[in-house]
Amino acid sequence: MSEKARALPGEFIRIGMDTWTEPYWQAAKEGRLTAAQCSDCDHFRMPPSPFCPECLSQNLSWPELSGRGVLFSYCVCTRSPFPGKAADMLYIPGIVELPDAGNVRLVANIVDVTPEEVEIGMALTVRFHAIADGWAIPIFAPAR
Amino acid sequence: MIADPLCLYDFCLETDGAVAVITASVERAQDLKQKPVYVMSSEHGGHRDWGRAFAWYGMPDETFASSGHKSVADRMYAKAGVGPGDVDVALLYDHFTPMVLMQLEDYGFCGKGEGGPFVESGAIRFDGGAIPVNTHGGQLSECYIIGMTHIVEAVEQLRGTAINQVADAEIALVSGGPAHLPVSGMLLRR
């Protein structure tokens with residue numbers, strides 16, 4: 001049985017945020033997946049830019065999502081992303097489409113799957129991975 | 001293998017260096033010491049459905065596997081009144097090998113999806129290729145000064161002083177890094 005992909009070591013991941021992105025990270029810290037939705041025209045947009053690309057409104061809501069995702073694309077990596085600080089490891093960055101958020105796409109680690117099992121179109125479910133300073137990032141595992 | 005299927009040599013070098021580009025009016029340039037080359041057109045921007053942010057992947061399927069340059073390329077050629085067949089040498093931003101394949105498609109040197117076979121056919125070779133690409137070795141092999149050495153090479157080719165000189169080069173294409181918007185493309189002539 002070949003090795004399963006894991007998430008990048010959280011202790012080396014630091015994030016910054018601003019007014020527009022903070023709600024996303026706050027939700028992740030609390031174990032909720034969300035995406036920015038324009039309050040005026042319902043269009044979802046990620047990353048949450050200040051203006052809606054469809055209607056230019058700045059009114060945003062942050063609905064709680066189901067956590068389901070679909071894998072749009074991915075890449076298998078095996079070298080250490082933190083040379084000198086963390087060992088080589090198998091990790092799979094992927095682009096995940098969120099069907100209940102207008103199919104916006106996130107970039108996230110795909111975990112708990114082998115390189116042979118991962119495939120475009122596979123159903124995923126979100127988990128939250130602890131990173132530095134008490135924050136967390138969404139990662140995705142195969143939906144069972 | 002770094003990021004399957006990209007290996008070490010599919011990624012550009014990391015280099016410290018600097019380039020100075022001096023621009024002047026056509027009139028003033030006639031009196032300067034170095035032979036000028038002329039900007040035919042220079043386009044900077046893109047289309048709203050490609051590259052809205054650094055890791056934004058929401059583009060439609062038909063442009064997902066592209067360099068995002070097509071709209072810039074179309075305007076660049078139109079303003080200069082020439083087409084891909086008129087380009088004698090192309091200096092395409094080569095941070096990663098697949099982006100060169102996709103620029104060949106977006107700049108019209110081959111059809112969409114044909115970038116790989118086009119390169120395999122020898123079409124971008126210095127010796128005998130239909131469109132020599134990155135005759136200086138580019139960012140993959142010479143050095144990585146974030147696109148500036150592509151301008152240097154284009155100028156040298158058009159002056160006739162390049163090391164790997166394309167015979168009678170009259171028009172050169174220089175592209176700016178495929179990434180999120182804005183992207184850019186420029187045509188220079190001797």
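Undergrad: I tried to follow the confidence of the model for chain B on my own but got confused; where do I start?
TA: On average, residues of chain B score 95 in pLDDT, and 100% of them reach the 70 mark or higher. Scoring the predicted complex yields pTM 0.93 and, for the interface, ipTM 0.87.

Undergrad: How do you make sense of the layout of surface pockets when you look at a structure like this?
TA: To find leftover empty space, one rolls a probe the size of a water molecule over the atoms. Its volume calculated, the largest pocket comes out at about 1,400 Å³. Breaking the lining of the largest pocket down by element, the ones donating at least two residues are strand E4 (68-74) and strand E6 (92-98) of chain A together with strand E1 (3-4) and helix H4 (97-106) of chain B. Across the lining of the largest pocket, the residue classes tally to 26 nonpolar, six polar and one charged. Considered as a void within the structure, the second largest pocket measures approximately 690 Å³ in volume. Around the second largest pocket, the lining comprises 23 residues; the ones closest to its centre are Val21, Ile22, Thr23, Val155 and Arg159 of chain B. The dominant element in the lining of the second largest pocket, judged by the number of residues it contributes, is helix H7 (residues 148-159) of chain B, at five residues.

Undergrad: When you look at the interface of chain A and chain B in this model, what are you seeing that I'm missing?
TA: One frequent convention defines the size of an interface as the accessible area lost when the parts assemble. Facing the 13 residues of chain A at the interface are 14 residues of chain B. Both faces considered, chain A and chain B share a buried interface measuring about 1,100 Å² in area, 56% of it formed by carbon and sulfur atoms. In the side of chain A that touches chain B, the residues fall into nine nonpolar, one polar and three charged. Pairing between strand E5 (residues 76-77) of chain A and E1 of chain B: two bridges, direction antiparallel. Bridge assignment links cysteine 77 of chain A to a residue of E1 of chain B, and that residue is alanine 3 of chain B.

Undergrad: Teacher, can you tell me more about the sheet that holds strand E4 (residues 171-176) of chain B here?
TA: Working definition: the strands of a sheet are paired by backbone hydrogen bonds and lie parallel or antiparallel to each other. Residues and elements named next belong to chain B. Read from one edge to the other, the open sheet built from four strands follows the order E2-E5-E4-E3, with strand pairing classed as mixed. Sheet topology places strand E2 (38-45) and strand E3 (89-91) at the edges, where each strand pairs with a single neighbour. Taking each pair of neighbouring strands and ignoring which way they run, the sheet shows an average axis angle of 15°. Judged from the three bridges that link them, E3 and E4 form a sheet pairing that is parallel. Bridge pairing links leucine 91 to valine 174 in E4. Against the sheet, helix H3 (residues 70-80) contacts E2, E4 and strand E5 (183-189), and its axis sits at roughly 150° relative to E2. Most of the contacts of H7 go to E4, to which it runs at about 180°, and overall it touches E3, E4 and E5.

Undergrad: Quick question: what am I supposed to make of the pattern of salt bridges here?
TA: A pair can form between side chains of opposite charge whenever their charged atoms are brought close. Applying the stated criterion to the full structure yields 13 salt bridges over all chains. A salt bridge links glutamate 54 of chain A to arginine 48 of chain B; its shortest N-O distance comes to 3.6 Å. You can see glutamate 54 of chain A sitting in the loop between strand E2 (44-45) and strand E3 (60-61) and its partner arginine 48 of chain B sitting in the loop between E2 and helix H2 (61-64), one on each of two chains. Arginine 52 of chain B is paired through a salt bridge with aspartate 49 of chain B; the nearest N and O atoms lie 2.9 Å apart. Residue aspartate 49 of chain B is classed as partly exposed on the basis of its relative accessible area of 26%. Residues participating in the shared-partner salt-bridge network are Glu43, Arg75 and Lys79 of chain B.

Calculation criteria
Note that residues are indexed from 1 along each chain, following the sequence as it is written. Chain labels run from A onward and ligand labels from 1 onward, assigned in the order the entries are written. At least 70 in pLDDT is required for a residue's local features to be given in this predicted model, at least 80 for side-chain atom pairs to be given and counted, and no such filter applies to totals for whole chains, interfaces and linings, which use all residues. As a convention, hydrogens and water are excluded, and side-chain values are obtained from all of the structure's heavy atoms. The predictor rates its confidence in each residue with pLDDT, a number between 0 and 100. As defined here, a cavity is a set of points on a 1 Å grid over the protein atoms alone where a 1.4 Å probe fits but cannot get out. A pocket is an open set with protein on both sides within 12 Å along at least five of seven lines, and residues line them when an atom is within 4 Å of a point. Grid points are joined across faces, edges and corners, and a volume is the space filled by probe spheres set on the points. Under the scheme used here, helices are H or I runs from DSSP no shorter than 4 residues and strands are E runs no shorter than 2 residues, and both carry numbers assigned from the N terminus. Basically, the charged four are Asp, Glu, Lys and Arg, the nonpolar ten are Ala, Val, Leu, Ile, Met, Phe, Trp, Tyr, Cys and Pro, and anything else, Gly included, counts as polar. Residues count as neighbours in contact if any of their non-hydrogen atoms are within 4.5 Å of one another. The term buried area denotes the loss of accessible surface (1.4 Å probe radius) that occurs when two parts are joined, taken as the sum for both partners. Any two strands between which DSSP finds at least two bridges are classified as paired. Every axis in this analysis is a line fitted to C-alpha atoms, fitted for helices over the stretch in contact. Angles between the N-to-C directions lie between 0 and 180 degrees. Basic side-chain nitrogens of Lys or Arg form a salt bridge, by our definition, when they fall within 4 Å of a carboxyl oxygen of Asp or Glu. Only protein chains enter the accessibility calculation, which uses a 1.4 Å probe. A residue is then buried if its area is under 20% of the maximum for its type, exposed if over 50%, and partly exposed in between.

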